[in-house]
Amino acid sequence: MTNPARVVRTVLTLAVAAGIVAGCQPAEEKKPAGASSASSAPSPTVDVAANSKQVCDAALAVAKEHFVGMADDAIAAIDKPVSAKEAGDKVRAHYTELAQGLRTEAARAADPQLRAAVENLAGAIEKRLTGPDATKVEAPDLDPTLKALDTACGR
């Protein structure tokens, strides 16, 4: 990780991934002035829209935390180089904690499509952790599942 060009490429890759995940924040719905939130239908046990917003926001926070953590680690390696093993261990730890955080959020999702999107991203990360790219920051293989989560979150 001592090559500055590699560090810059890594940080840019993480910025793109974080940008994709950032789109997971659903747009807030606007109600007409004077509109009541009550409807003639019985209120559901769980407000699916509110729950989905909470799950999307939480999943986004978990993803940002770990993608930013990987970027911070890469930037820190410029001033204080670390071994490839140590850098890889840090990446693996971030991906492991990210997958665990996403599994926690998926369990909270009331919307089956959102739950599936969060679980699929967690599963893709877990699959990555069993393969040869487990210690690489660059993760184009996660793009489809990140985009699916983005769509499920209304973006």
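Since the structure is predicted, the reported quantities are computational estimates derived from the model, not experimental observations. (Residues numbered from 1 in each chain as written. Predicted model: local features only at pLDDT ≥ 70, side-chain atom pairs only at ≥ 80, totals over all residues. Heavy atoms only, no water.)

### Here's the deal with the confidence of the model for the chain
The condition that has to hold: pLDDT is a residue-level measure of predictor confidence that goes from 0 to 100. What counts as a helix is a DSSP run of H or I of at least four residues, what counts as a strand is a run of E of at least two, and both are numbered from the N terminus.
Mean pLDDT over the chain: 81, with 72% of residues reaching 70 or higher. Across the chain, element-level confidence peaks in helix H4 (residues 112–129) with a mean pLDDT of 96 and bottoms out in helix H1 (residues 4–22) with 55.

### Quick notes on the nonpolar core
Operational definition: Nonpolar cores were defined as sets of buried Ala, Val, Leu, Ile, Met, Phe, Trp, Tyr and Cys residues, with membership established by side-chain atoms within 4.5 Å. When accessible area is computed with a 1.4 Å probe and restricted to protein chains, residues below 20% of their type maximum are described as buried, those above 50% as exposed, and intermediate ones as partly exposed. Contact definition: two residues touch when any of their heavy atoms are within 4.5 Å.
By size, the foremost hydrophobic cluster in this structure holds 29 residues, and its most contacted members are Tyr95, Leu98, Leu102, Leu114 and Ile125. Among the secondary structure elements, those contributing two or more residues to this core are helix H2 (48–79), helix H3 (84–108), H4 and helix H5 (143–152). What Leu102 contacts, discounting residues up to four positions off in sequence, is Ala59, Val62, Val118, Leu121, Ala122 and Ile125.

### Quick word on the environment of Lys136
Along the polypeptide, Lys136 turns up in the loop between H4 and H5. Separated by 46 residues in the primary sequence, Lys136 and Lys90 have C-alpha atoms spaced 10.0 Å apart.

### Notes on the pattern of salt bridges
To keep things clear, this is the line we draw: For this analysis, a salt bridge means a side-chain nitrogen from Lys or Arg found within 4 Å of a carboxyl oxygen belonging to Asp or Glu.
Going through the model one piece at a time under the given rule, you end up with 7 salt bridges. A salt bridge links Arg128 to Asp141; its shortest N-O distance comes to 3.2 Å. Taken together, the positions of Arg128 in helix H4 and Asp141 in the loop between H4 and H5 put the pair 13 residues apart, joining distant regions of the chain. The exposure class of Arg128 is buried, given its relative accessible area of 5%.

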